[in-house]
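Working through the structure, step by step
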Amino acid sequence: SVGFDSSQGGDPLPRRVMVVAAVLLAAGLVLAGPGAGASVPSAPRRAAGFDGRVRVAVAVGSTIYLGGAFTRATDVDGRVVTRNRLAAVDAATGALLPWNPGADRAVYAMAVAGSTVYVGGDFTRVGGAARGRLAAVAAGGTGAVLAWNHRADGRVRALAASASRLYAGGQFGAVDGAARARLAAFSLASGALGGAWKPA
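Turning our eyes to something else, we now look at the packing of aromatic side chains. Aromatic rings in a pair are described by how distant their centres are and how their planes are angled relative to each other. Applying the stated criterion across every chain, the model contains five aromatic pairs. Taking 5.0 Å as the distance between ring centres and 75 degrees as the angle between the ring planes, the aromatic pair formed by Y118 and W148 counts as edge-to-face. With a gap of 30 residues between them, Y118 in strand 8 (residues 116-121) and W148 in the loop between strand 11 (134-138) and strand 12 (156-161) connect regions that are remote in the sequence. For the residue pair Y118 and W148, the accessibility class agrees, reading buried in each case. Relative to W197, the ring of Y167 lies with its centre 5.0 Å away and its plane at 70 degrees, an arrangement referred to as edge-to-face. Taken together, the positions of Y167 in strand 13 (residues 165-170) and W197 in the segment after strand 16 (183-187) put the pair 30 residues apart, joining distant regions of the chain. Residue Y167 is classed as partly exposed on the basis of its relative accessible area of 26%.

As a further point, take the pattern of salt bridges. Under the defined criterion, the tally for this structure stands at four salt bridges. Note that D51 is salt-bridged to R72, the shortest N-O span being 3.5 Å. Of the two residues, D51 is situated in the loop between strand 1 (49-50) and strand 2 (54-60) and R72 in strand 4 (residues 72-74); the sequence distance between them amounts to 21 residues. Classification of R72 by relative accessible area gives partly exposed; the value is 46%. Between D75 and R79 there is a salt bridge, with its nearest N and O atoms 3.0 Å apart. With a relative accessible area of 44%, R79 lands in the partly exposed category.

Procedures and definitions
- Residues numbered from 1 in each chain as written.
- Predicted model: local features only at pLDDT ≥ 70, side-chain atom pairs only at ≥ 80, totals over all residues.
- Heavy atoms only, no water.
- Phe/Tyr/Trp six-rings, centres within 6.5 Å; stacked < 30°, edge-to-face > 60°.
- Helix = DSSP H or I, 4+ residues; strand = E, 2+ residues; numbered from the N terminus.
- Buried < 20%, exposed > 50% of the residue type's maximum accessible area, 1.4 Å probe, protein only.
- Salt bridge = Lys/Arg side-chain N within 4 Å of Asp/Glu carboxyl O.

Next comes the structure, spelled out in structure tokens:
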């Protein structure tokens, strides 16, 4: 995943375009992989822009999932729509996708495993459902909030998925009331908090 800050300096419209152009460039490099000879256009393409910080971007196939502190997005046709801290764009066209779960506070981390997008941050609600700084959302459609439900007592700043586990890092001291000193792991198969894995 790649984090970007779109809140600093310059004219607002070019800044928005440059942020998402940077995301598209990163996605192109991720999708192409080492030695694939990815071509980079000589000029940035017009792409969706956001009215606040884009803190994390994860590219999966033809989709780039974004999280941050934004609340509105401007699509490639100039249409302004609500996107509360979570959004997705088409990697080829830069256009906004219907994926729109929405979080009530900032998103700092994302990881994708199979058809699920895991998100972490400062939020207490995602898609209208109570979620304590951790949530799981369907990767397709509009981004339905899934039943997976764990609560961290502080900000979640990083997420990473392996073949069998989701790892979380941040400023928390407990998850679901169990002591977890800034690091925690969850089973991707059962969804349960990993009992044995708890480094301090």
